[in-house]
Amino acid sequence: MQTTTAPSKKNIETTDFLPLHGTDYVEFYVGNAKQAAHFYKTAFGFQSLAYAGPETGLKDKVSYVIRQNKLTFVLTTPLKSDNTIADHIYKHGDGVKVLALKVDDAVSAFEETTKRGGKPFMETTVLKDDDGEVVLSGIHTYGDTVHVFVERKNYKGVFMPGFRKWESNYNPAETGLLYVDHCVGNVGWNRMNTWVKFYEDVMGFRNILSFDDKDISTEYSALMSKVMSNGNGYVKFPINEPAEGKKKSQVEEYLDFYNGEGVQHVAIATNDIVKTVTELQSRGIEFLNIPESYYETVLDRVGKIDEDLAPLQKLGILIDRDDEGYLLQIFSKPLEDRPTLFFEIIQRKGAQSFGKGNFKALFEALEREQDARGNL
Ligand code: FE2
């Protein structure tokens, strides 16, 4: 089987029943939100935005909201043991709970998705304060992950009602991170097509790209992947499942340590990957090591690029090309002790694909890390 692009026009609905304006925020459930916020500010250059906790009337949790350009993270920790946030962390470790999506109409988003089979996570809820109102609703997706639909057109406050502005004296410089380019889910054996169908049927997405185990395999391990996109392409969710290989696939390692399906990586866009990654590395973020041999042949494969190769090689940035242009990308090591969540930093120069030409080098680098952890 070959890699296929599948923009089958007859399957595209003329009216999008779930118009999305991109990612509103990504919420992480973490063991210690105060320290996590400090880490993301220090290492990635996020800015303090908003806070909710006992001082704002919450009894059981604290949330810090941090932002850089259009990228907003919410870091939430439980204050007591017997609640769903604590259970989530006990089961999964720190991880992504909410992929929140911007909508014009959260009531319609809930109605349209639940009538198509979406399992409700949050009935439509209107939050109000002096700055206006935010309307939220939500449905479940793979694992314990959820999508929250956020309607904020009638709100002018810093984040949403219930949060107060978080002003801090500690404001490390930004690193050029712009917005969520795509967000990848790892699902269980033979579960990829179930979730592809969920995104097609429930959310009106379409499958824009597929990779099978012939595309994504090294000597040892394999996976399969399908990329789901909403109508305007602002929201892209690749879905991975493990495939049989000689040794344990990276997706299996994730599933073992996350204790189920969940978000594998968040890809974040930058306009200057060399500058961004230089800054991130100087702040202690570690990326996968790419062998020198990769750079000996890469320009033969991708052709001429605007950047000098030397800084890309020094930083370990990968290059790939498709029909529309090229892209530069790099993958962090896991951000936590469990080998689960990591980030990709990506700069697109025309290319709308996901770096297929880099899969082999990338997965071999991942396997070296897996091997070092004794999980290959
Ligand atoms: Fe990616």
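By convention here, each chain's residues receive numbers from 1 onward along its written sequence. Residue-level local features of this predicted model are given only where pLDDT is at least 70; pairs of side-chain atoms are given and counted only at 80 or more, and the full residue set underlies all totals for whole chains, interfaces and linings. By convention in this description, side-chain values take in all heavy atoms of the structure and omit both hydrogens and water.

**Student:** Can you help me understand the sheet that holds strand 14 (residues 262–269) in this one?
**Tutor:** Sheet strands line up and pair through hydrogen bonds in the backbone, either parallel or antiparallel. Strand order in this open sheet of 8 strands is 11-12-13-10-14-17-16-15, and the pairing throughout is mixed. Looking at the sheet topology across the chains shown, the edges are occupied by strand 11 (206–211) and strand 15 (318–322). With strand direction ignored, the average angle separating the axes of adjacent strands in the sheet is 25°. Pairing between strands is defined by DSSP: at least two bridges between the two strands are required. The numbering of helices and of strands both runs from the N terminus, where a helix is a DSSP run of H or I of at least 4 residues and a strand a run of E of at least 2. The sheet contact formed by strand 10 (residues 180–186) and strand 14 spans 6 bridges and is antiparallel. Across the sheet, the residue bridging to Gly185 is Val263, located in strand 14. Each axis is a line fitted through C-alpha atoms, and for a helix only the stretch in contact is used; angles between axes span 0 to 180 degrees, taken between their N-to-C directions.

**Student:** Just to check I follow, could you spell out the side chain of His182 for this structure?
**Tutor:** Here His182 lies in strand 10. N or O atoms closer than or at 3.5 Å make up a polar contact, with two conditions inside protein: a donor-capable atom paired with an acceptor-capable one, and, for residues adjacent in sequence, both atoms drawn from side chains. One polar contact links His182 to Asp181, side chain to side chain, over a distance of 2.7 Å. By the convention used here, residues are in contact when the closest approach between their heavy atoms is within 4.5 Å. With residues near it in sequence (within four places) discarded, His182 still touches Lys236, Pro238, His265, Val266, Ala267, Glu344, Ile346, Arg348 and Phe354.

**Student:** What exactly am I supposed to notice about the nonpolar core here?
**Tutor:** Soluble globular proteins tend to pack their nonpolar side chains together in the buried interior. Buried Ala, Val, Leu, Ile, Met, Phe, Trp, Tyr and Cys residues form a nonpolar core when they are joined through side-chain atoms within 4.5 Å. Burial here depends on accessible area, computed with a 1.4 Å probe over protein chains only, as a share of the maximum for the residue type. Under 20% is buried, over 50% is exposed, and the range in between is partly exposed. Counting residues in each nonpolar core, the largest one holds 91 residues, and the members touching the most others are Phe28, Tyr40, Phe44, Phe73, Met203 and Phe343. One finds Leu49, Ala50, Ala52 and Val98 within the second-largest nonpolar core, a separate group that totals 17 residues.

**Student:** How should I be thinking about the coordination of the iron ion in this particular structure?
**Tutor:** As a benchmark, a tetrahedral metal site with four donors has ideal angles of 109.5 degrees, while an octahedral site with six donors has ideal angles of 90 or 180 degrees. Only nitrogen, oxygen and sulfur atoms within 2.8 Å of the metal, or 3.2 Å for Na, K and Ca, are treated as donors, and water is left out, so sites may look incomplete. The protein atoms donating to the iron ion are His182 (NE2), His265 (NE2) and Glu344 (OE), with metal-donor distances spanning 2.0 to 2.2 Å. Counting gaps between the donor residues of the iron ion yields the pattern H-x82-H-x78-E. Taken together, the residues His182 in strand 10 and Glu344 in strand 17 (residues 342–349) connect sequence positions 162 residues apart. Across this residue pair, the class does not change: His182 and Glu344 are buried.

**Student:** Can you help me understand the environment of Leu299 in this one?
**Tutor:** Relative to the helices and strands, Leu299 resides in helix 7 (residues 292–302). Exposure remark for Leu299: the relative accessible area of 35% places this residue in the partly exposed category. The spatial distance from the C-alpha of Leu299 to the C-alpha of Asp320 is 9.4 Å, given a sequence separation of 21 residues.

**Student:** Is there a simple way to think about the environment of Ala109 in this case?
**Tutor:** Considering the arrangement of structural elements, one finds Ala109 in helix 3 (residues 106–115). Each C-alpha atom of the pair Ala109 and Val148 lies 9.6 Å from the other, and the pair is 39 residues apart in sequence. Those residues in contact with Ala109 that lie beyond four places of it in its chain are Leu18, Val103 and Phe149.

These figures come from the coordinates and say nothing about function on their own.
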